[in-house]
Amino acid sequence: MTTENILSKIRDGKATVGVVGLGYVGLPLVLSFSRPGFKIIGFDIDQKKITALTTGKSYIRHIPASTVDPLIENSQFEPTTDFSKITECDAIILCVPTPLNKNREPDMSYIEGTARNIAPYLQPKQLVALESTTYPGTTRVLLKDILEEVSGLRAGEDFHLAYSPEREDPGNAKFGTSTIPKVVGGLTGRCTEIACELYKTSISEVVPVSSTEVAEMTKLLENIFRSVNIALVNELKVVCHEMGVDVWEVIQAAATKPFGFMPFYPGPGLGGHCIPIDPFYLTWKAREFGLSTRFIELAGEVNTSMPRYVIERMAQALNSQKKPINGSKILVLGLAYKKNVDDQRESPSLTLIEMLQERGAEVSYHDPFVPKTHKMREHDLQMESQELSEEVLRGADAVLIATDHDVVDYNRVCELASLIVDTRNATESYSGARDHIFKA
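Residues numbered from 1 in each chain as written. Predicted model: local features only at pLDDT ≥ 70, side-chain atom pairs only at ≥ 80, totals over all residues. Heavy atoms only, no water.

1. Remarks on the overall build of the chain
Link 1 in the chain: Across its full length, the chain carries 15 helices and 13 strands.
Link 2 in the chain: When its C-alpha atoms are laid out on the principal axes, the chain stretches across 75 × 50 × 40 Å.
Link 3 in the chain: Considering the chain as a whole, with its 440 residues, one finds that 55% of them fall into the buried category.
Link 4 in the chain: Restricting the contact set of the chain to residue pairs at least 6 apart, pairs at least 24 apart contribute 70%.
Link 5 in the chain: Here the chain contributes 46 positive and 58 negative side-chain charges, whose respective centroids are spaced 1 Å apart. (Helix = DSSP H or I, 4+ residues; strand = E, 2+ residues; numbered from the N terminus. Buried < 20%, exposed > 50% of the residue type's maximum accessible area, 1.4 Å probe, protein only. Contact = heavy atoms within 4.5 Å. Lys, Arg positive; Asp, Glu negative; His and termini not counted. Charge placed at Lys NZ, Arg CZ, Asp CG, Glu CD.)

Shown next as structure tokens:
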């Protein structure tokens, strides 16, 4: 396969695209690449995901089965655990997790393992693109070295290598995979050109940059920007409470300024796979150059302290009714990390539940999108969602609103619950007596 052949196959919609990792990034990418008519082979080591997909089912709430099933039926999409099928692909896109280890250092095991899984089957002139969030240099050094060592091929000469950061925002009704601009940086100019041609087929705007390192740093900047600004309003939330000022009203008023201000909102802690994790990738990498990222680390400290602040507010709220946390029945509303999704990754609700349990509370939760918990790297709650009945609401000593799903009737919660700790300003519209509502 020559370079011109892969470009022709991409432009003619005849390329076969491999997507490695069929989670919240990979599966939407499959759907996006299906629209130009590409054949897609999806790879994952989780047999449960493969089984679900091959039977036309979806395990991600905002991706309905009706979008997956037709691709399976017409054989356009082939999910598999067999990495030897890499030989059938013209392009391979890697969408695997990049968590932190227990020392808050980058865990590259998923990228390394995936590279070693695909390298034995790598073919000349294929394109390999990494989408996982990571530190600058990962593609050029870590990924490239493994692929070259195992395959015997040379990146930029025998095969093409690029980095294009994922920008998924689960549950965002305005922007999806196909409408979010795609930053692309290749190992060489030719690598960038081919990767851009591939992404142009299914994404409305492609933004080429000069190197893989620029593309890698772009994603870190995006998430560090959010982390720092969320830390700012979280810190202001604490200060405003002590001053008797409603931080939500302050933000709403400030947002009327048409220039120089962008609203961010406080919460019970950071969640999702990106913002709680990605800033520490740069912090770790900066140490290699003898530099400290004090601003980023301070933001991390503020954000990770928020669950403790929420627990303090819960203690104060219960004390107002002469009750301790120990022995109290506490209902947590929302287990997902943000509203209207089923994604529990890094959700502060998990930490809040564990902290309450450690203090002797009898904790239950309600989340219409998360019927039961599953074992995660750091959490294994083994709980099931409770029906939000009148009996459950009246029977709780306190209700903790941790995630503000739109499907929940918060006015009803305010009417039935004897005590509420609201971390999301979900009770703002309630017009009745508010003596039992505490903001946190």
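2. Considerations on a nonpolar patch on the surface
Link 1 in the chain: Taken together, the side chains of Val-239, Met-243, Val-245 and Val-250 define a hydrophobic patch exposed on the protein surface, amounting to about 340 Å² of accessible area.
Link 2 in the chain: Residue position: Met-243 is located in helix H8 (residues 212-243).
Link 3 in the chain: Overall, Met-243 belongs to the exposed group, its relative accessible area being 62%. (Patch = residues over 30% accessible without salt bridge, like charges linked within 9 Å, V, L, I, M, F, W, Y side chains within 5 Å. Areas by Shrake-Rupley, 256 points an atom, 1.4 Å probe, with all protein chains shown as cover. Salt bridge = Lys/Arg side-chain N within 4 Å of Asp/Glu carboxyl O.)

3. Some remarks on helix H9 (residues 247-254)
Link 1 in the chain: Residues of H9 that are buried: Val-247, Trp-248 and Ile-251. All buried residues of H9 fall inside an arc of 100 degrees around its axis, so they share one side.
Link 2 in the chain: Where H9 is buried, its residues contact H8 and strand E13 (437-439).
Link 3 in the chain: The distance from a side-chain oxygen at the start of H9 to the backbone nitrogen of Trp-248 is 2.9 Å, and the residue carrying that oxygen is Asp-246. (Arc of directions from axis to C-beta. Polar contact = N/O pair within 3.5 Å; in protein donor to acceptor, adjacent residues only side chain to side chain.)

4. So, the packing of aromatic side chains
Link 1 in the chain: Evaluation of the coordinates by the stated rule reveals seven aromatic pairs.
Link 2 in the chain: With a centroid separation of 5.4 Å and an interplanar angle of 25 degrees, the aromatic rings of Phe-43 and Phe-83 are classed as stacked. A residue pair is termed long-range when its members are at least 10 positions apart, and Phe-43 in strand E2 (residues 39-43) and Phe-83 in the loop between strand E3 (77-80) and strand E4 (91-94) qualify at 40 residues. This pair shows no difference in class: Phe-43 is buried, exactly as Phe-83 is.
Link 3 in the chain: Ring geometry for Phe-225 versus Phe-264: centroids 5.6 Å apart, planes at 70 degrees, classification edge-to-face. (Phe/Tyr/Trp six-rings, centres within 6.5 Å; stacked < 30°, edge-to-face > 60°.)

5. Description of the sheet that holds E13
Link 1 in the chain: Within the open sheet, the five strands sit side by side as E10-E9-E11-E12-E13. Their pairing is parallel. Two strands bound the open sheet, and with one partner strand each, they are strand E10 (362-366) and E13. Across the sheet, the axes of successive neighbouring strands diverge by a mean angle of 20 degrees, strand direction being ignored.
Link 2 in the chain: Along the sheet face, helix H12 (residues 306-319) touches strand E9 (329-333), strand E11 (398-401), strand E12 (420-422) and E13 and points at about 155 degrees away from the line of E11. (Pairing = 2+ DSSP bridges. Axes fitted to C-alpha atoms, helices over the stretch in contact; angles between N-to-C directions.)

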